[in-house]
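Overview (structure and organization)
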Amino acid sequence: DELNEFTPLDITVLAKDPSFEKKYRYDGKLGAIYSKEETIFRVFSPLAHQGSVKLVSKEGKISYAPLSKIEGGVLEAVVKEDLEGYGYIYILNICGELVQAVDPYAKSVNANSRMGFVVDEKKLDAIPYNYEYLKPWKKWNQSVIYELDVRDMTSLTKVKNKGTYSALSKTNLVSDDDFPIGLDYISSLNITHVQLLPVYDFQTIDDENPTEYYNWGYDPLFYFSPEGSYSLDPSDPYSRMNELKSLISALHKKGIRVNMDVVFNHVFNRFASSFEKLCPYYYFRLNSNGDSSNGSFCGNDFESTHYMARKLIIDAVCYFAKVYGFDGFRFDLMGIIDKK
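Residues numbered from 1 in each chain as written. Predicted model: local features only at pLDDT ≥ 70, side-chain atom pairs only at ≥ 80, totals over all residues. Heavy atoms only, no water.

Let's talk about the nonpolar core
Membership of the largest hydrophobic core comes to 91 residues, with the highest contact counts inside it found for Phe41, Tyr283, Tyr324 and Phe326. The greatest single-element share of this core, amounting to 10 residues, is contributed by helix H7 (residues 307-324). Those residues in contact with Phe326 that lie beyond four places of it in its chain are Leu196, Val199, Leu244, Ile248, Val258, Asn259, Met260, Phe320 and Ala321. (Core = buried A, V, L, I, M, F, W, Y, C linked by side-chain atoms within 4.5 Å. Buried < 20%, exposed > 50% of the residue type's maximum accessible area, 1.4 Å probe, protein only. Helix = DSSP H or I, 4+ residues; strand = E, 2+ residues; numbered from the N terminus. Contact = heavy atoms within 4.5 Å.)

Side note on the side chain of Thr39
Within the element layout of this structure, Thr39 appears in strand S2 (residues 39-44). The class for Thr39 is buried, based on a relative accessible area of 0%. Among all residues touching Thr39, those that are not within four sequence positions of it are Ala32, Ile33, Tyr34, Ala77, Val78, Val79, Glu81, Leu83 and Val118.

Observations regarding the sheet that holds strand S9 (residues 145-148)
Whether parallel or antiparallel, the strands of a sheet pair through hydrogen bonds between backbone atoms. As summarised here, the arrangement of the four strands in space is S9-S10-S13-S14, forming an open sheet in which the pairing is parallel. With one partner strand each, in any of the chains shown, S9 and strand S14 (328-331) form the two edges of the open sheet. With direction set aside, neighbouring strand axes in the sheet form an average angle of 30 degrees. In the sheet, strand S13 (residues 257-262) pairs with S14 via four bridges, with the strands oriented parallel. Bridge pairing in S14 places Val262 opposite Phe331. Here helix H5 (residues 237-253) sits on the sheet and contacts strand S10 (193-196) and S13; the angle it forms with S13, its principal contact strand, is near 140 degrees. Sitting on the sheet, H7 touches S13 and S14, and the angle it makes with S14 is about 140 degrees. (Pairing = 2+ DSSP bridges. Axes fitted to C-alpha atoms, helices over the stretch in contact; angles between N-to-C directions.)

Digging into H7
Given 3.6 residues to a turn, an α-helix orients residues that are three or four positions apart in the same direction. Taking 1.5 Å per residue as the helical rise, H7 with its 18 residues ought to reach 26 Å, and the 25 Å between its terminal C-alpha atoms agrees with that figure. Turning to H7, its buried residues are Met308, Ala309, Lys311, Leu312, Ile313, Ala316, Val317, Tyr319, Phe320, Val323 and Tyr324. Against the buried residues of H7 lie S2, strand S12 (220-226), H5, S13, helix H6 (274-278) and S14. Immediately beyond the C-terminal end of H7, within one or two residues, lies Gly325, with a positive phi of roughly 90 degrees. (Expected span 1.5 Å × (residues − 1).)

Focus: the pattern of salt bridges
Applying the stated rule across the entire model yields 15 salt bridges. In this structure, the salt-bridge partner of Arg240 is Asp201, at a minimum N-O distance of 3.8 Å. Here the residue Arg240 occupies a position in helix H5, and Asp201 occupies one in strand S11 (residues 200-202), the gap between them amounting to 39 residues. The same class applies to Arg240 as to Asp201, namely buried. Connected through shared salt-bridge partners, Asp201, Asp207 and Arg240 make up one network. (Salt bridge = Lys/Arg side-chain N within 4 Å of Asp/Glu carboxyl O.)

Describing the packing of aromatic side chains
Per the stated rule, a full pass over the model turns up 27 aromatic pairs. Summarising the aromatic geometry, the rings of Phe284 and Phe302 are spaced 6.1 Å apart at their centres and angled 85 degrees between planes, so their arrangement reads as edge-to-face. With Phe284 in the loop between H6 and H7 and Phe302 in the loop between H6 and H7, the pair connects residues that are 18 residues apart, well separated along the chain. A relative accessible area of 2% means that Phe284 is categorised as buried. Judged by relative accessible area, which is 1%, Phe302 ranks as buried. Ring centres of Phe326 and Phe329 lie 6.3 Å apart, and the angle between their planes is 40 degrees; on these two criteria the pair is classed as tilted. In textbook terms, an aromatic cluster arises when at least three aromatic residues are bridged by ring pairs, as seen for Phe20, Tyr24, Phe44, Tyr200, Tyr223, Phe264, Phe275, Tyr282, Tyr283, Phe284, Phe302 and Phe331. Above the face of the Tyr319 ring, Lys107 is positioned so that its terminal group lies 5.4 Å from the ring centre. (Phe/Tyr/Trp six-rings, centres within 6.5 Å; stacked < 30°, edge-to-face > 60°. Lys NZ or Arg CZ within 6 Å of the ring centre and 35° of its normal.)

Written out as C-alpha cells, the structure reads:
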C-alpha cells in the first residue's frame, strides 16, 4: 500500500471458478510413491506458494524435504534414500498461512491419524488373495450379500482380541454352547458375499481406546488407509494393512467374496479435512450462495464432478481392489455422487 506495507492476498476464492477446475488437473500417481532407492511425494495443492514434507524417522528424528511445483497444480519432492517406515506430513504456504495436512493419499496412518507413513505395498504380497477358492460368478441377481461390521461380529464373544480384523479372520471358534462364531458362523450361512461396513480410516473412534466409543465408520477421514481401531497395533503402519488383507484372504478361502462399503459422498468435517486445507473450496459442493451443500445431511457433500475429486474416488477403489483383493464396492448415498 502507500506505506509500503504488505499483506498476503487470499486467493482461495479462485477455486470456485469453473476455469480453475479445468486448468488444474493431473493424471499421474499421487501420495508417497516408494522404492528402496527413493520416495516421490506428490500432493495436489494448486494454491500453495511453496511447501515441504516433514519426515519423521522410526527413531523420531525430524527432517524436511522441499516441495517444487510440477504440472497440474501438483507439488513434488524426491528423496533419494530408503524412507520405508518414515512418518510424513505436508506443510504448505497457502495465501501466506502455513497449513499442515496429512496426505489424503496416505496408504497408512498412525494411531488417530496424525500423520501418514511411507510403506512398501509389495510386503502385502506375502498374504495370498485366495481367488482360486471363489467359484465362477455370472448371475449377479443370485447374490446373497451379508452386511457386517468388523467390530460387531466378535465384540460380544470371549474371543481373544475381539472386535478386530484378526479376531474375525480366525477359524475353529465356538461359543459356550458350542455354536460357531465369527468367520465359521459367516461361512455356515450359505452366502455368496460379505459387505464390510467401512474399513477405511474414520474419525470418531479412539484407535488406542476403541471400546470407549462406538461408530460404524460413516465419518470418513483417509480413504486409502485401513481403520486403526480394528487393528492389533494401530501405531504400526503395517499392522492394519496386513490384518485387513488377511481377513479378505480368509473370507476368500471360505469361498466368500468381499465387498467394501465406501462413503465418498461426504467427510467427517469439511473444514478440518486435508482436502479443504490443501485446496480450499475445491473438493466440496457449494450452493449458489457459496455455503456448503448438505444433501448428505452430514454437513458437506463431496464434489465428485471436479476432476481431482473424481480421480481420488477412482484411485481409491482401484487401490483397494488391486492391493487388498476386494471384489466389489457398495457406495453409500450414491445419489450425492454424479452419474458420470
